[in-house]
Amino acid sequence: MPKNNNAINLKDLIISRIEEVKQVKKNNQQKDETFQAHAKETRDRIRNFADQFNDI
């Protein structure tokens, strides 16, 4: 019986780890989306700043 119990524990551990990895991937994707939005805003601000000098 201990073998079966170990197999169940291992299965639960693997399932738990898979869920952790999914959550990390989701968090990383959200961080990446936030970073991309911030980078775009920064590029737009730099372009607008540069355009002010082109208008002079």
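Everything that follows concerns the structure shown earlier in this document.
Since this is a predicted model, take the numbers as computed values, not measurements.

Chemist: Would you mind showing me how to read the packing of aromatic side chains here?
Modeler: Note on aromatic pairs: each is described by the distance of the centres and the angle between the planes. Counted under the stated rule, the structure contains one aromatic pair. Considering the side-chain rings of F49 and F53, the 5.1 Å spacing of their centres and the 75 degrees angle between planes classify their relative orientation as edge-to-face. Residue F49 and its partner F53 are both found in helix α1 (residues 2-54); the two are separated by four residues, about one turn of the helix.

Chemist: So what exactly am I meant to see when it comes to the pattern of salt bridges here?
Modeler: Oppositely charged side chains can pair when the atoms bearing their charge come close. Counted according to the given criterion, the structure contains four salt bridges. Between R17 and E20 there is a salt bridge; the shortest N-O distance is 3.2 Å. Taken as a pair, R17 and E20 lie in helix α1 at a separation of three residues, close to a single helical turn. A relative accessible area of 41% means that E20 is categorised as partly exposed. Each of K40, D44 and R47 takes part in a single network of salt bridges with overlapping partners.

The rules behind each value
Residues numbered from 1 in each chain as written. Predicted model: local features only at pLDDT ≥ 70, side-chain atom pairs only at ≥ 80, totals over all residues. Heavy atoms only, no water. Phe/Tyr/Trp six-rings, centres within 6.5 Å; stacked < 30°, edge-to-face > 60°. Helix = DSSP H or I, 4+ residues; strand = E, 2+ residues; numbered from the N terminus. Salt bridge = Lys/Arg side-chain N within 4 Å of Asp/Glu carboxyl O. Buried < 20%, exposed > 50% of the residue type's maximum accessible area, 1.4 Å probe, protein only.

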